[in-house]
Structures are given as C-alpha cells and as structure tokens.
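# A look at the structure
Here are the chains, one letter per residue:
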Amino acid sequence: VDFVLKPLKIAAVVGVMMSDHAFPHSPCTATRTLDDIEQVCIEADPNDFEEFLKATKHYSLSGVHKPFWRDWMLSDPSKFLMPEVLHHFHHLFWDHDLQWCNNVLRLGEIDYHFSLIQTPVRYRSFGEGVSKLKQVTGHNHCAMQRYIVGVIVGAVPPKFLVAISALLTFCYLAQMPHFNHVTLARVEAMLQTFNDNKTAIISSGGRQGSNGPLQHWEIPKLELLQHIVPSICNSGAVMQWSANVMEHAHVTEIKQPAHTGNNQDYYTQIAQQLDHSEKCL
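Residues numbered from 1 in each chain as written. Predicted model: local features only at pLDDT ≥ 70, side-chain atom pairs only at ≥ 80, totals over all residues. Heavy atoms only, no water.

### Section: the overall build of the protein
This is how the line gets drawn: Helix and strand definitions follow DSSP, with helices as H or I runs of at least four residues and strands as E runs of at least two, each counted in order from the N terminus. Buried means the residue's accessible area, taken with a 1.4 Å probe over protein chains only, is under 20% of the maximum for its type, while exposed means over 50%, and partly exposed covers the values in between. Throughout, a residue-residue contact means that at least one pair of heavy atoms, one from each residue, lies within 4.5 Å. Counting rule for charge: Lys and Arg are taken as positive, Asp and Glu as negative, and neither His nor the chain ends is counted. To locate a charge, take atom NZ for lysine, CZ for arginine, CG for aspartate or CD for glutamate.
Along the backbone of the protein there are 14 helices and 2 strands. Across its three principal axes, the protein shows a C-alpha extent of roughly 60 × 55 × 45 Å. Looking at the 281 residues of the protein, the share that counts as buried comes to 34%. Sequence separation of 24 or more characterises 64% of the internal contacts of the protein that already satisfy a separation of 6 or more. Of the side-chain charges in the protein, 21 are positive and 27 negative, and the distance between the mean point of each set is 7 Å.

Printed below as a string of structure tokens:
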C-alpha cells in the first residue's frame, strides 16, 4: 500500500488543504492515533506481536504499528475512512436491530411472523423465519428491513417500535444520491428520534449480552451514525462509497473457481486459476 499510494502522498504536498469540519465526538485523528501508537511501542515491542496486540487493546488500536498513511501529508483516517452502506447500515440492522426485536418477542415468534408475510413477486420470502439463517447476504438484510416494522407492530411497546422505525428511516434517508440542507436536517431528525426513544429498547429487554441484560449503548456502529451527516458534508453522498464490487469479486474470483477444483491445495489452486485467467484475458 505504501508503494501504491506514494504518488498521492507526493500530491498532498503540493495540493490544497480541505476545510475542517466539527464532529459531534472527538474523532480519531491522525495525530491522536500516531501518538497512541508511539506510546504502545514504548510499552511493548512491536516485533513481539502477541504482547504488542495486548497493549494496543487499551488504546483501541488494531495492532498495526506502521499505518500506511503515517507519512502521507494531510491524510487523516477520520476523514478518508468513509461510511459504507453494507457494513455500516445493513450489518447494523442484522447485528443489533433484528436481535433487539428477537429478544423482545417470545421465542420463535419473530420467525412465525416472518413466515406469514405475503411477499410480492421477486421479493425475498422467509418461510422458515430468520433466526436460523446461514450465509446471510446484503440482499437478505435489505429484504428483512422491508418487513421488520410490520413483523413487530403490535407485539412490542410503542416507543420500541418508534425507535426501530426511526433507525431504519435514518439508514434509508442516508442512502439518498444527493442532499441539501432540508434532507440533511431530516436525516439528523431521524437519528434524534431514535435517541429520544431508545431507552424503550433497554427497558423492554432488547439489549442482551452473554451475561444477561445490558444497560449501555456502547455500540461502535451506532456511534458511527453520528458522523454520517458530517461525512456527507465533507465528502459527499454515502452511496458512492460502496463495497458491493469487492464483495461480488469474492464470489467471481474465489468461490466460483473453488467449485472447479478438487478441494486439494485450495490456496494454490485459486492462485493458479487467477494467474491463468489474467494471462488469457
């Protein structure tokens, strides 16, 4: 990555500095992150990965002691790491929204509700429910989001329903292709509506951990939502930062070639398949 991005680092020296923007919470700026990495390197040897990794956890770092942007002038991870729809919206729904609903409804009830939905032609149906799904894709996430409000209405407290609906609406509005002051205000209003009603999720028993009920909102994906509007103002619509191409490439470049092999020397066969494909094209 250092080699690939070297021209951009040079360009940054003679480029134009972008205007700063206030974040609702203190961002993980380049200076702050590099200072933390420097401190961790004092406490533990980076060449001793296990000990170094333990030390980085206290600073919420990943264990990389030489990030590729460290010598890239004007680069800042709090600016160039963009929100992404699949992982930050759809996975948020699967990891949290759906689990809150499942915890509040009786065992098996949410699956029963999903099985009763009369789906339009070419829409995804869930005849066996959703709790036992495996290999869940982004298309499945989108389909469940279409139905979830109808699935839980009447079975959860009103404020719980408002919170789930507001969070879904926020994610839908944030995917618009272009914005103005009015639409950005609507996005912020939906997030505020969720925050005003989210206590109903805890009081209803929706937040559950391995050791029982949770009474906090320490969820990284939720905290990230507070940065969506500033990111749109700074870098444009979220929909342009899509991981769909790379996610689909995993299917076409890895999974499909794997089916043509004999499950022996898996990595070697995949590498040879990619090499042959490149030479043929």
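Let's pick the thread back up.
### Notes on the confidence of the model for the protein
Note the cut-off: Scored from 0 to 100, pLDDT reflects the predictor's confidence in each residue.
Per-residue pLDDT for the protein has a mean of 85; in total, 90% of the residues score no lower than 70. No element of the protein has a lower mean pLDDT than helix α1 (residues 6-14), at 58, and none a higher one than helix α8 (residues 158-173), at 96. The model gives residues 14-24 a pLDDT under 50, and that stretch makes 14 contacts with residues more than four places away or in other chains.

### Looking at the environment of Tyr123
With respect to the helices, strands and loops of the structure, Tyr123 is situated in the loop between α6 (109-116) and α7 (138-152). In this structure Tyr123 comes out as partly exposed when scored by relative accessible area, which is 41%. A C-alpha to C-alpha distance of 9.9 Å links Tyr123 and Arg146, two positions 23 residues apart in sequence. Apart from the residues within four sequence positions on either side, Tyr123 is in contact with Arg146 and Tyr147.

### Overview of unusual backbone geometry
Even without a glycine there, the phi angle at Ser60 is positive, about 60 degrees. Examined against the element boundaries, Ser60 turns out to sit in the loop between α3 (49-57) and α4 (77-80).

### With respect to the packing of helix α9 (residues 181-197) against helix α12 (residues 228-235)
To keep it simple, the criterion reads: Axis definition: a line fitted to C-alpha atoms, limited for helices to the stretch in contact. Angles are taken between N-to-C directions and run from 0 to 180 degrees. Just so you know how the angles are binned, under 35 degrees is roughly parallel, over 145 roughly antiparallel, 65 to 115 roughly perpendicular, and the rest oblique. By convention, the crossing between two helices is left-handed when the near helix turns anticlockwise from the far helix through less than a right angle, and right-handed when the turn is clockwise. As a working rule, the residues Ala, Val, Leu, Ile, Met, Phe, Trp, Tyr, Cys and Pro are called nonpolar, Asp, Glu, Lys and Arg charged, and the rest polar, with Gly in that last group.
The geometry of α9 relative to α12 is characterised by a closest axis approach of 10 Å and an angle of 160 degrees between their N-to-C directions. The angle between α9 and α12 falls in the class roughly antiparallel. The handedness of the crossing between α9 and α12 comes out as right-handed. Residues Leu184, Val187 and Glu188 of α9 pack against Val229, Ile232 and Cys233 of α12. Among the residues making up the contact of α9 with α12, the classes are represented as 5 nonpolar, no polar and 1 charged.

### Focus on the side chain of Asp76
Operational definition: Each polar contact in these results corresponds to two N or O atoms within 3.5 Å; when the atoms are within protein, one needs to be able to donate a hydrogen and the other to accept it, and residues that are neighboring in sequence are counted only if both atoms are side-chain atoms.
Inspection of the secondary structure assignment puts Asp76 in the loop between α3 and α4. At a separation of 3.2 Å, a polar atom in the side chain of Asp76 contacts the main-chain amide nitrogen of Ala30. Here Asp76 is in contact with Cys28, Thr29 and Ala30, once residues within four sequence places are set aside.

### Some thoughts on the state of the cysteines
Disulfides are covalent bonds that link the sulfur atoms of two cysteine residues. Selection rule: In what follows, a disulfide is any cysteine sulfur pair within 2.5 Å.
Scanning the model with the defined rule gives 0 disulfides in all. Counting only cysteine sulfurs, Cys171 is the nearest neighbor of Cys233, a cysteine outside any disulfide, at a range of 17 Å. Judged by relative accessible area, which is 45%, Cys233 ranks as partly exposed.

### Notes on the packing of α7 against α8
Viewed as axis vectors pointing N to C, α7 and α8 meet at an angle of 165 degrees, and their least axial separation amounts to 10 Å. Considered as vectors, α7 and α8 are oriented roughly antiparallel to each other. Once α7 is placed against α8, the crossing between them reads as left-handed. Contacts between α7 and α8 involve Gln145, Arg146, Ile148, Val149 and Ile152 from the former and Phe160, Leu161, Ile164, Ser165, Leu168 and Tyr172 from the latter.

### A word on the packing of aromatic side chains
Remark: the centre distance and the inter-plane angle together describe each pair of aromatic rings, the angle taken between the planes. Which entries qualify depends on this criterion: Two rings from Phe, Tyr or Trp (for Trp, the six-membered ring) form a pair when their centres are within 6.5 Å of each other. A pair whose planes differ by under 30 degrees is stacked, one over 60 is edge-to-face, and the rest are tilted.
Under the definition given, this model contains 7 aromatic pairs. Considering the side-chain rings of Phe89 and Phe170, the 6.5 Å spacing of their centres and the 75 degrees angle between planes classify their relative orientation as edge-to-face. Here Phe170 lies in helix α8 and Phe89 lies in helix α5 (residues 85-104), a separation of 81 residues in the sequence. Phe170 shares its class with Phe89; the two are buried. For the pair Phe126 and Tyr147, a centre-to-centre distance of 6.4 Å together with 80 degrees between the ring planes defines the contact as edge-to-face. Remark: Tyr147 occurs in helix α7 and Phe126 occurs in the loop between α6 and α7; sequence separation between them is 21 residues.

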